[in-house]
Amino acid sequence: MKKTMYAKFIGAYLIFAFFGFLIVATFVSTLISKQVVAREVDSLYREASGIADTYATDLYNSTTSLEQVKNEIDMVASYTFGTVQIINPSGLVVVDSSADVDVSNPVTIENFDLSGEGKTFYTTGDFFGTFGEEMLSVYAPITMNYKVQGYVVIHKSMKEMDVFASKLLNISYLTLAILFLLSMIILIFFTEIVYRPLKKITKATEQYASGNLHYQFQVDSTDEMGYLAASLSYMAGVLARGEDDQKRLVANVSHDFRSPLTSIKGYLEAMMDGTIPEELYPKYLGIVRDESDRLIKLTNNLLTLNNLNTEGMILDLTDFDINDVIRKTVATFEGTCRGKRISLNLVLTGEELKVRGDLGKIQQVLYNLLDNAIKFSNKDSVIKIETKEKHNKVFVSVKDNGIGIPKESLNQIWDRFYKTDLSRGKDKKGTGLGLSITREIIRAHGENINVISTEGEGTEFIFTIPLAEE
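Counting of residues starts from 1 at the beginning of each chain's written sequence and follows it residue by residue. pLDDT decides what is reported in this predicted model: residues at 70 or higher carry local features, side-chain atom pairs at 80 or more are listed and counted, and totals for whole chains, interfaces and linings draw on all residues regardless. Each side-chain value is worked out from all heavy atoms of the structure, with water and hydrogens disregarded.

Chemist: I would appreciate a short explanation of the overall build of the chain in the present structure.
Modeler: By the criteria applied, helices consist of DSSP H or I runs no shorter than four residues and strands consist of E runs no shorter than two, each listed in order from the N terminus. A tally of regular secondary structure across the chain gives ten helices and 13 strands. Radius of gyration: C-alpha atoms only; globule rule: 2.2 Å multiplied by the number of residues to the exponent 0.38. For the chain, whose C-alpha radius of gyration is 52 Å, the value lies well above the compact-globule estimate of 23 Å for 470 residues. If one aligns the C-alpha atoms of the chain with their principal axes, the spans along those axes are about 160 × 60 × 35 Å. By residue count, 39% of the 470 residues in the chain fall in the buried class. Taking all contacts inside the chain whose residues are at least 6 apart in sequence as the whole, residues at least 24 apart take part in 66%. When accessible area is computed with a 1.4 Å probe and restricted to protein chains, residues below 20% of their type maximum are described as buried, those above 50% as exposed, and intermediate ones as partly exposed. Two residues form a contact once any of their heavy atoms are found within 4.5 Å.

What follows is the structure, given as structure tokens:
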């Protein structure tokens, strides 16, 4: 397309120009000639009719002399630039503006007959052999007592009309040439506004198709072409980020699977070759069990996240007491909190607070947030879980006084397998998928989750869930 579209446009432009001049040279030329002749016929016919109704009629009524009529038609001939004649039906030229009156040498036009011309009142040609060039002859009958007594004929050379028509045709050619030159502006606009941006877009699509999703291009336009370029660039950026995420996902999954598998294999080989004595088997089998649990947890989290990302996922929506779910979830962490001397402070709105959602998935959200809060909290600290009702929604907050999240990492904590540098030492068994799963669950409910954190002071996660309809 990029090699032929512009050539096609130029070809179409040239074809249009060719046919434009061809039409002017044929159709318009003929039309102009006919219009010039028609205008001249109309003008000359008015003059001929005027003479036929006045001087010529008076001549045939013998109320005026031949010399007086000759003077009148000479005047008409002078300003019409033609030749005026009064001719009898037999072809006898009574008066001729181009010759003196000579009744002794009458001139007769052979084969003269205007009765067959119908209603056109004009002829073109040599007028029955009278002239040596093509003439326009316009006539008006002289009638008396409902009988044609003769004709007033005004002859004018067709050359003059051809010259005038040629001038008009030249004006048409000039106008057409100017129009085509001006239309070059359209070609220039097409080149700058359509062709060049389209060429950039085509090149970009070729780069993206070849796998170079990081190819950058820019189209400086605010119209549909600019919007198309921006959309294409944005799409490529999204695909590039998806490709990068996929690579990072494979690398992280490989790393998180390899570490426990290496440990399991190492301890089992050590027990088999006798490096680890039999009395220590229970200890290392416990380690193997923990590493196996870690692999199971990682696999389950991956499956959960994949299901949550499936388009058209159906939630099991029910009305349930969010306060009761929080209490039950907190109860599962009592042993862990006791070991770290962490207190859980519940600030709940009312004894019962009904919400609408998927109970199991919301419970998983609370579990993930509490697990993170306990994991990154210092000993002898407090974790606060609070519910508030506002604008037909319940705001659930989980706030700790732990290590916090660095400011530059706040936008990345939702990424799969992401762990901040501060958390790596305390999250050795974590998969880095908990917050990703949490956000996907909240989004599936059509709600939002936000984080507020200060490094060294603590972190607060707040998510919303709609109130149940009464």
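Chemist: Sorry if this is basic, but what is going on with the sheet that holds strand β1 (residues 83–87) here?
Modeler: Two orientations exist for strands paired in a sheet by backbone hydrogen bonds: parallel and antiparallel. Judged by pairing direction, the sheet is antiparallel, and its six strands sit side by side in the order β3-β2-β1-β6-β5-β4 without closing on themselves. The open sheet is flanked by β3 (107–108) and β4 (122–125), the only strands paired with a single partner. A pair of strands is considered paired only if DSSP assigns at least 2 bridges between the two. Direction of pairing for β1 relative to strand β2 (residues 92–96): antiparallel, over a ladder of three bridges. Opposite I86, over in β2, you have V95 as the bridge partner. To get an axis, fit a line to the C-alpha atoms, keeping to the stretch in contact for a helix; angles then go from 0 to 180 degrees between the N-to-C directions. Here helix α3 (residues 66–80) sits on the sheet in contact with β1, β2 and β6 (147–157), set at roughly 70° to β2.

Chemist: Is there a simple way to explain the sheet that holds strand β11 (residues 393–399) in this structure?
Modeler: Pairing in this open sheet of five strands is mixed, and the strands run β8-β10-β11-β13-β12 from one edge to the other. Whereas interior strands pair on both sides, the edge strands pair on one side only; in this sheet they are β8 (343–347) and β12 (449–454). Geometrically, the sheet is characterised by an average inter-axis angle of 15° between neighbouring strands, direction not taken into account. Across the face of the sheet, helix α9 (residues 359–375) comes into contact with β8, β10 (382–390), β11 and β13 (458–466) while running at roughly 170° to β13.

Chemist: Looking at this structure, I do not really get helix α4 (residues 158–209). What am I missing?
Modeler: A turn of α-helix holds 3.6 residues, and therefore any two residues three or four places apart point the same way. A maximum bend of about 40° is found in α4 at T191. Any pair of N or O atoms that falls within 3.5 Å is considered a polar contact. Within protein, one atom must be able to donate a hydrogen and the other to accept it, and sequence-neighbouring residues count only if both atoms are side-chain atoms. Where α4 begins, one side-chain oxygen reaches toward the backbone nitrogen of K159, 3.2 Å away; that side chain belongs to S157. Immediately downstream of α4, the backbone of G211 shows phi near 105°, a positive value. In this analysis the local bend is the angle between axes fitted, respectively, to the seven residues ending at and the seven residues starting at the residue.

Chemist: How should I be thinking about the packing of aromatic side chains in this particular structure?
Modeler: The relation between two aromatic rings is expressed through the spacing of the ring centres and the mutual angle of the planes. Aromatic pairing here means that ring centres of Phe, Tyr or Trp (its six-membered ring) are within 6.5 Å. Orientation follows from the plane angle: under 30 degrees is stacked, over 60 is edge-to-face, and everything else is tilted. All chains considered together, the criterion is met by 13 aromatic pairs. Pairing F21 with F180 gives two aromatic rings, centres 5.7 Å apart and planes at 20°, and the pair type is stacked. Of this pair, F21 sits in helix α1 (residues 5–53) while F180 sits in helix α4; the two residues are 159 residues apart in sequence, bridging distant segments of the chain. Seen in terms of ring centroids, Y45 and F121 are 5.1 Å apart; in terms of plane orientation they differ by 40°. Their pairing is tilted. In this pair, Y45 sits in helix α1 while F121 sits in the loop between β3 and β4, placing the two residues 76 residues apart along the sequence. Y45 sits in the partly exposed class, given a relative accessible area of 28%. Members of the aromatic cluster, joined through ring pairs, are Y45, F112, F121, F127, F128, Y139 and Y151.

Keep in mind these values describe shape, not function.
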